[in-house]
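# Remarks on the overall topology
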Amino acid sequence: MKSISLRAIFSVAYKEFLHIYRDRRVLVLLIILPPLFTFIFGHAFEASEQTDVPALLINRDNAPAAQRFIDVVSKNKAFQWKRMPPEIRNESDLLSNGVRAALIVPSGWGESLKNGDPIPLPLYLDGSDTNTANELEGNVRQSLGDFQMKERDVIIDNMPSDVFELGKQLPVEVRHQFVSLMSAWTTKSIVLYNPKERFIDYVLPGIIGLILQLLTVTLMACTIARERESGTLSQLLVTSLGRGEIVIGKILPYFAISTGLIVVVIGLSWWHFGVPFYRPPVLALICLLFLLCSLGLGLLISAFSRNQTQAIQFSVFFLLPVFVLSGAFAPLDQLPQPVRYLSEFFPLTHFCRAFRLVNMYHASIAFYGLDLVLLFAGVIVTFIGAALLLRRSEQ
């Protein structure tokens, strides 16, 4: 068996570096897109709370209680209220009104509060984005709760002194229960793993994987296809270079460039978005295995593609389902069980899971060891597959 020569590998790698350098479009793509994508995706996923959401506020009740509630809800920073006259009747047409929500205080609402049978407040929400709709509803409920607490205090302050004297005659336990029932019961929430509750910290592995796979798989997929299309692949195969030397030489330039891209993306995430990184050596190993696996996939696509157009088409067909089904931007638990089984075949799934387990959960290798093994297996399978397809091309 012929041994692999480092000199031969570097000669192929040097040739590939020249291809990249001379193709200025690819060079600009590699230099500009990674930091640009990091800023765009980072800011897209950075916001954790809704603020200044356009909404209608219509008061059809002249009672003082209704006005007091309007004063409370108007201070909620989640909304940018647009006051409308009570005569308006198209409040449910959110699209025409240019808003995401509409809150109406119906006629007789203040009187219903006095009777102890409050009328529900109609709240129209744009349900096209379920997360936004739920968050806006929660903000309205919070404002309503604040209003209730203030109204309770007003009622207590206006009670006759005889009521308090009668209350003193009640057993201590009953009085404590009464006071407890008059206050809102709460939970003591302790947020673990992501105490600041920033979505950017959760989605960062998906951003890194998106940028890496978008560039490495697509560009790598065109390497051998470009050689085959120009006729230089057959010349390479009849030289003294071995298939392993060609494969490694082709990968080496993109490996070096992609390593730099990882450093740039992580550096921007730490400096601009304040994302902390823990146990850098382990994170580096996870990134290394995922990078090699992505390069191997691109090389494999390139090996069985007859031209560059076909290679790009295969890359797009592979990447589109990966970004949706890999858990990069949403928990896999939200997917149906059969789809979750399918997602285990994607390297990005194991990269995101392992990265989060290390960086957010500070977990031991027992939790992410299997993901590392599967990524390593992906590297072996793709590299061997590319070498075998090259042998078929040689024949």
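Okay, so let's go over this structure. Everything numeric here is computed off the predicted structure, so don't read it as measured data. Per chain, residue numbering runs from 1 following the sequence as it is written. Residues qualify for local features only when their pLDDT is at least 70, as the model is predicted, and side-chain atom pairs are given and counted only at 80 or more; totals for whole chains, interfaces and linings, by contrast, use all residues. Hydrogens and water are ignored here; the side-chain numbers use all heavy atoms of the structure.

### A look at the sheet that holds strand 1 (residues 53-59)
- Spatial strand order, 2-1-3-4: 4 strands in an open sheet with mixed pairing. Unpaired on one side and paired on the other, strand 2 (79-84) and strand 4 (123-125) mark the two borders of the sheet. Taking each pair of neighbouring strands and ignoring which way they run, the sheet shows an average axis angle of 20 degrees.
- By definition, two strands form a pair when at least two bridges between them are found by DSSP. Only DSSP runs of H or I reaching four residues or more are called helices, and only runs of E reaching two or more are called strands; each is numbered from the N terminus. Pairing analysis gives 6 bridges linking strand 1 to strand 2, with the strands arranged parallel. Note that in strand 2 the partner of Pro 54 across the bridge is Gln 80.
- It only takes one pair of heavy atoms within 4.5 Å for two residues to be counted as in contact. Note on method: axes are straight lines fitted to C-alpha atoms, helices fitted across the in-contact stretch only, with angles between N-to-C directions ranging 0 to 180 degrees. Here helix 3 (residues 64-74) sits on the sheet and contacts strand 1, strand 2 and strand 3 (101-105); the angle it forms with strand 1, its principal contact strand, is near 170 degrees.

### Observations concerning a nonpolar patch on the surface
- Residues enter a patch when their relative accessible area is above 30% and they make no salt bridge; the linking distance is 9 Å between like charges and 5 Å between nonpolar side chains (Val, Leu, Ile, Met, Phe, Trp, Tyr). Note that accessible areas follow from Shrake-Rupley with a 1.4 Å probe, and for residues the cover is restricted to the protein chains shown. When a carboxyl oxygen of Asp or Glu lies within 4 Å of a side-chain nitrogen of Lys or Arg, that pair is called a salt bridge. Residues Phe 304, Ile 312, Phe 314, Val 316, Phe 317 and Leu 320 make up a contiguous nonpolar surface patch of roughly 550 Å² in combined accessible area.
- With 5 residues, the top contributor of residues to the nonpolar patch is helix 13 (residues 308-325).
- One can find Phe 314 in helix 13.
- The classification of residues rests on relative accessible area computed with a 1.4 Å probe and restricted to protein chains. Under 20% of the type maximum is buried, over 50% is exposed, and intermediate values are partly exposed. Owing to a relative accessible area of 33%, Phe 314 belongs among the partly exposed residues under this scheme.

### Details of unusual backbone geometry
- Its identity as a non-glycine residue notwithstanding, Arg 279 has a phi of 50 degrees, on the positive side.
- With respect to the helices and strands, Arg 279 occurs in the loop between helix 11 (243-272) and helix 12 (280-304).

### Some remarks on the nonpolar core
- Only buried residues count toward a nonpolar core, which is a set of Ala, Val, Leu, Ile, Met, Phe, Trp, Tyr and Cys residues joined through side-chain atoms within 4.5 Å. Counting 56 residues, the largest nonpolar core has Ile 208, Ile 286, Leu 299, Leu 348, Phe 351, Phe 355 and Tyr 368 as the members making the most contacts within it.
- At the level of secondary structure, the elements contributing two or more residues to this core comprise helix 9 (199-230), helix 11, helix 12, helix 13, helix 15 (347-359) and helix 16 (365-394).
- It is helix 9 that provides the largest number of residues to this core, a total of 15 residues.
- Listed in part, the 20 residues of the second largest apolar core include Ala 65, Leu 103, Trp 109 and Leu 136.

### Things to note about the environment of Arg 141
- Examined against the element boundaries, Arg 141 turns out to sit in helix 6 (residues 130-157).
- With a relative accessible area of 58%, Arg 141 lands in the exposed category.
- Put simply, Arg 141 and Val 73 are 68 residues apart on the chain and 9.6 Å apart in space, counted from C-alpha to C-alpha.

### Considerations on the packing of aromatic side chains
- Aromatic rings from Phe, Tyr and Trp, with only the six-membered ring used for Trp, were paired whenever their centres fell within 6.5 Å, and each pair was classed as stacked if the ring planes differed by under 30 degrees, edge-to-face if by over 60, and tilted otherwise. Evaluation of the coordinates by the stated rule reveals 8 aromatic pairs.
- Ring plane angle 55 degrees and centroid distance 5.4 Å describe the contact between Phe 69 and Trp 109, whose orientation is recorded as tilted. Here Phe 69 is found in helix 3, whereas its partner Trp 109 is found in helix 5 (residues 109-114), with 40 residues between them in sequence. The burial state of Phe 69 is the same as that of Trp 109; both residues are buried.

### Notes on the environment of Gly 378
- Take Gly 378: it is sitting in helix 16.
- Looking at Gly 378, the relative accessible area reads 17%, which means it is buried.
- In this structure the C-alpha to C-alpha distance between Gly 378 and Ser 294, which are 84 residues apart in sequence, comes to 8.9 Å.

### Structural notes on the packing of helix 12 against helix 15
- In the contact formed by helix 12 and helix 15, the axes pass within 10 Å of each other and the chain directions differ by 175 degrees. Here helix 15 runs roughly antiparallel to helix 12, going by the angle between their axes. Touching Val 282, Leu 283, Ile 286, Cys 287, Phe 290, Cys 293 and Leu 297 of helix 12 are Pro 347, Leu 348, Phe 351, Ala 354, Phe 355, Val 358 and Asn 359, all from helix 15.
- Just so you know the grouping, Ala, Val, Leu, Ile, Met, Phe, Trp, Tyr, Cys and Pro go in nonpolar, Asp, Glu, Lys and Arg go in charged, and all remaining residues, Gly too, go in polar. Considering only residue class, the contact of helix 12 with helix 15 consists of 13 nonpolar, 1 polar and no charged. Here is the rule for angles: anything less than 35 degrees is roughly parallel, anything more than 145 is roughly antiparallel, 65 through 115 is roughly perpendicular, and the remaining ranges are oblique.

### Description of helix 3
- Regarding helix 3, the residues found buried are Ala 65, Ala 66, Phe 69, Ile 70, Val 72 and Val 73. For helix 3, the angular spread of the buried residues around the axis is 165 degrees, confining them to a single face. Throughout, the arc means that of the directions going from the helix axis to the C-beta atoms.

### Observations regarding the pattern of salt bridges
- According to the stated counting rule, one finds 6 salt bridges in the structure shown.
- Connected via shared salt-bridge partners are Glu 344, Arg 353 and Asp 371.

### Thoughts on helix 13
- Taking 1.5 Å per residue as the helical rise, helix 13 with its 18 residues ought to reach 26 Å, and the 26 Å between its terminal C-alpha atoms agrees with that figure.
- Just downstream of helix 13 lies Gly 327, where phi reads positive at about 80 degrees. In a helix, the anticipated span is given by 1.5 Å times the number of residues less one.

### Re the pairing of strand 1
- Burial analysis of strand 1 places 5 of its 7 residues in the buried class, the great majority of the element.
- Two elements, strand 1 and strand 3, share 5 bridges in a ladder whose sense is parallel. By the bridge assignment, Ile 58 is partnered in strand 3 with Ile 104.

### Quick word on the side chain of Asn 97
- By the element assignment, Asn 97 lies in helix 4 (residues 94-97).
- Within 3.5 Å is the distance limit for a polar contact, defined as a pair of N or O atoms, with the added protein rule that one can donate a hydrogen and the other accept it, and that residues adjacent in sequence qualify only through two side-chain atoms. A polar atom in the side chain of Asn 97 sits 3.1 Å from the backbone oxygen of Asn 90.
- With sequence-adjacent residues up to four places away left out, Asn 97 is seen in contact with Leu 56, Lys 82, Ile 88, Asn 90 and Glu 91.

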